[in-house]
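Breakdown of the fold
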Amino acid sequence: ELLHIAHPDAAEKYFADAQKLAPASPLPYEGLGLLAIQREQSDKAVHELKEALQLGSSSYIAHYFYALEKFRLAAAAQGERGSLPRNTAAEVHDELIKSITLMPDFGPSHELFGIIELAQDGNIAVAEQHLQLAIQLEPENPYYLLSLADVQARNKQPEATRRTLATLLLPSVEAKIRAQANELLQQITGMNSAR
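Structure report, in brief. Please read these numbers as outputs of a predicted model, since none were measured by experiment.

A short note on helix α7 (residues 124-137)
- Taking 1.5 Å as the rise per residue, α7 with 14 residues should run 20 Å; its terminal C-alpha atoms sit 20 Å apart, in good agreement.
- Every buried residue of α7 is accounted for by A127, E128, H130, L131, A134 and I135. Buried residues along α7 cover an arc of 165 degrees about the axis, so they all sit on one side. Exposed side chains of α7 directed beyond 90 degrees from the buried face belong to A125, Q129 and Q136.
- Buried residues along α7 sit against α5 (86-102), α6 (107-119) and α8 (142-154).
- Measuring from the side-chain oxygen of the N-cap residue of α7 to the backbone nitrogen of A125 gives 2.9 Å; that N-cap residue is N123.

Quick look at the structure:
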């Protein structure tokens, strides 16, 4: 509760105390991992969440955030469009499967699964399926639409990409997202005119 109401230092003390009282419980490690994410400490988050998972955590959130932070660290090391190392991609993939199995209606797990498939040149149909499901689960999330448009563009589906991007180009959409959507639209327009 303290973590959720923006009292991270107080929350940290309780998590540390819980580790001492119940060292075999995954819960304090989950809490410290989530705290590290809030503080933008990806390395620490991965360490704490890995401990939680090794202690048998059955939290879909722990599996998801562990996968997300592993993905972020590896993606930063590889560059924006580079593929992840095979073992890292496999680990992230497996953790997302566990998260989805535990909570099939959690949109972020489906989105990241789709992104991983795309980043690793995996099955584009599977990537699109997971992104479509993320959109169904959270239709108000514009980032899911952007990810789906990226998959469609890479799959050489310019009309589907345009349809997906149409709602992201409206003036009511956040400027940053609108700019990314416009950039992707320019890319597919440029590819079509180059033919």
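Details of the packing of α7 against α8
- Interaxial distance between α7 and α8 falls to 9 Å at its minimum, and their mutual angle equals 160 degrees. The orientation of α7 relative to α8 falls into the category roughly antiparallel. Note on packing geometry: the crossing formed by α7 with α8 is left-handed. Together, I124, A127, E128, L131, Q132, A134 and I135 of α7 and Y144, L145, S147, L148, V151, Q152 and R154 of α8 make up the contact between the two elements.
- Grouping the amino acids of the contact of α7 with α8 by side-chain chemistry returns nine nonpolar, three polar and two charged.

Describing α5
- With 17 residues, α5 should reach 24 Å at 1.5 Å per residue; the first-to-last C-alpha distance of 24 Å fits that figure.
- The complete set of buried residues in α5 reads T88, A89, V92, E95, L96, S99 and I100. Seen end-on, α5 carries its buried residues on one side only, within an arc spanning 140 degrees. Projecting away from the buried face of α5 at angles above 90 degrees are the exposed residues R86, N87 and T101.
- Considering only its buried residues, α5 is in contact with α3 (42-54), α4 (60-78), α6 and α7.

Points about the packing of α6 against α8
- Where α6 contacts α8, the two axes come as close as 11 Å, and the packing angle between them is 25 degrees. One finds that α6 runs roughly parallel with respect to α8. Like other packed secondary-structure pairs, α6 and α8 cross with a definite hand, here left-handed. Facing α6, whose interface residues are G107, P108, E111, I115 and L118, α8 presents Y143, Y144, S147, D150, V151 and R154.
- Split by residue class, the contact of α6 with α8 holds six nonpolar, two polar and three charged.

Some words on the packing of aromatic side chains
- Evaluation of the coordinates by the stated rule reveals three aromatic pairs.
- Ring geometry for Y64 versus F65: centroids 4.9 Å apart, planes at 65 degrees, classification edge-to-face.
- Y64 gets classed as buried once you look at its relative accessible area, which sits at 8%.
- What makes F65 partly exposed here is its relative accessible area of 21%.
- An aromatic cluster of three or more residues is present, and its members are Y60, Y64, F65 and F106.
- Residue placement shows K13 over the ring face of Y14; its charged tip is 5.8 Å from the ring centre.

Quick notes on the pattern of salt bridges
- A complete count under the given rule lists eight salt bridges for this structure.
- As a salt-bridge pair, E95 and K98 come within 3.5 Å of each other at their nearest N and O atoms. Of this pair, E95 and K98 are both found in helix α5, three residues apart, which corresponds to roughly one turn of the helix.

Topic: the environment of S25
- Position of S25 among the secondary structure elements: in the loop between α1 (8-21) and α2 (27-38).
- A distance of 3.2 Å separates a polar side-chain atom of S25 from the backbone nitrogen of L27.

Criteria and cut-off values
Residues numbered from 1 in each chain as written. Predicted model: local features only at pLDDT ≥ 70, side-chain atom pairs only at ≥ 80, totals over all residues. Heavy atoms only, no water. Helix = DSSP H or I, 4+ residues; strand = E, 2+ residues; numbered from the N terminus. Expected span 1.5 Å × (residues − 1). Buried < 20%, exposed > 50% of the residue type's maximum accessible area, 1.4 Å probe, protein only. Arc of directions from axis to C-beta. Contact = heavy atoms within 4.5 Å. Polar contact = N/O pair within 3.5 Å; in protein donor to acceptor, adjacent residues only side chain to side chain. Axes fitted to C-alpha atoms, helices over the stretch in contact; angles between N-to-C directions. Parallel < 35°, antiparallel > 145°, perpendicular 65-115°, else oblique. Left-handed = near helix turned anticlockwise from the far one by under 90°. Nonpolar A, V, L, I, M, F, W, Y, C, P; charged D, E, K, R; others polar. Phe/Tyr/Trp six-rings, centres within 6.5 Å; stacked < 30°, edge-to-face > 60°. Lys NZ or Arg CZ within 6 Å of the ring centre and 35° of its normal. Salt bridge = Lys/Arg side-chain N within 4 Å of Asp/Glu carboxyl O.

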